[in-house]
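# Structural overview for review
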Amino acid sequence: MTLRSIIARSEALIASLPATLVLLVLRIALAVPFFRSGLTKWDAPFMLAPSQAFLFGQEFRLHILGGAYPYPFPTLAAYLAATGEIVLPILLVLGLGTRFAAFGILLMTAVIQLTVPEGWANFHLPWAAMALALMAYGAGRLSVDGLLANRTPEMTPTGSHG
């Protein structure tokens, strides 16, 4: 057995990993840091921690074109961020509306990047890459999206069931 054949067999073995399993792990990997962060933002269900409104109103700034600007509507921004960090990861793990949930996470990542610019290499870039992959490839078969796709009749270009 040559080195070339060992490499080829090894690559074939690695490539045989089911894409749906890879997408499941990717969904979980992206969901975990956002969900954990979201849990810290609430004192109780539907009760935002007062510290969050303070942070968005007094501490956080949007770093745009060399300037640091306060958040517009900081209390609303705090509620949206806290809600997104709970709801979007749950949707990702379930694989429900995955492409939209991943897009929401991508938008949140962009805002986080504007707020904490020094986090781009260790956090924001990997999060953006994972979100983009899920937007492009979807949730896979191990998901609610996958189950719904198998039960929904496909439409032909004319609009009738095919």
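This is a predicted model, so every value here is computed, not measured.

### Observations regarding the side chain of Lys 41
Along the chain, Lys 41 turns up in the loop between α2 (19–39) and β1 (42–44). A distance of 2.9 Å separates a polar atom in the side chain of Lys 41 from a polar atom in the side chain of Ser 37. Apart from the residues lying within four places of it in its own chain, the contact partners of Lys 41 are Leu 48, Ala 49, Gln 52, Ala 82 and Glu 85.

### Section: the environment of Ala 139
Summarising the element assignment, Ala 139 is placed in the loop between α6 (120–137) and α7 (144–151). Residue class for Ala 139 comes out buried when judged on its relative accessible area of 4%. Counting along the chain gives 112 residues from Ala 139 to Arg 27, while the straight-line C-alpha distance between them is 7.4 Å.

### Brief notes about the pairing of strand β3 (residues 61–64)
Across four bridges, the pairing between β3 and strand β4 (residues 67–70) is antiparallel. Bridge pairing in β4 links Arg 61 to Pro 70. The turn linking β3 back onto β4 is made up of two residues, and Leu 65 within it adopts a positive phi angle of 50°.

### Let's talk about the nonpolar core
One finds Leu 30, Phe 34, Leu 92, Ile 105 and Leu 134 to be the most contacted residues of the largest nonpolar core, which totals 17 residues. Of all the secondary structure elements, the ones that give two or more residues to this core are α2, α4 (74–94), α5 (98–115) and α6. Setting aside anything within four residues of it in sequence, one finds Leu 92 in contact with Arg 27, Leu 30, Ala 31, Thr 98, Ala 101, Ala 102, Ile 105 and Leu 134.

### Observations regarding unusual backbone geometry
The backbone of Phe 46 sits at a positive phi, close to 65°, despite the residue not being glycine. The topology assignment puts Phe 46 in the loop between β1 and β2 (47–48). Residue Leu 65 is not a glycine yet carries a positive backbone phi of 50°. Mapping Leu 65 onto the fold places it in the loop between β3 and β4. Relative accessible area serves as the criterion here: at 86%, Leu 65 is assigned to the exposed category.

Conventions adopted
- Residues numbered from 1 in each chain as written.
- Predicted model: local features only at pLDDT ≥ 70, side-chain atom pairs only at ≥ 80, totals over all residues.
- Heavy atoms only, no water.
- Helix = DSSP H or I, 4+ residues; strand = E, 2+ residues; numbered from the N terminus.
- Polar contact = N/O pair within 3.5 Å; in protein donor to acceptor, adjacent residues only side chain to side chain.
- Contact = heavy atoms within 4.5 Å.
- Buried < 20%, exposed > 50% of the residue type's maximum accessible area, 1.4 Å probe, protein only.
- Pairing = 2+ DSSP bridges.
- Core = buried A, V, L, I, M, F, W, Y, C linked by side-chain atoms within 4.5 Å.

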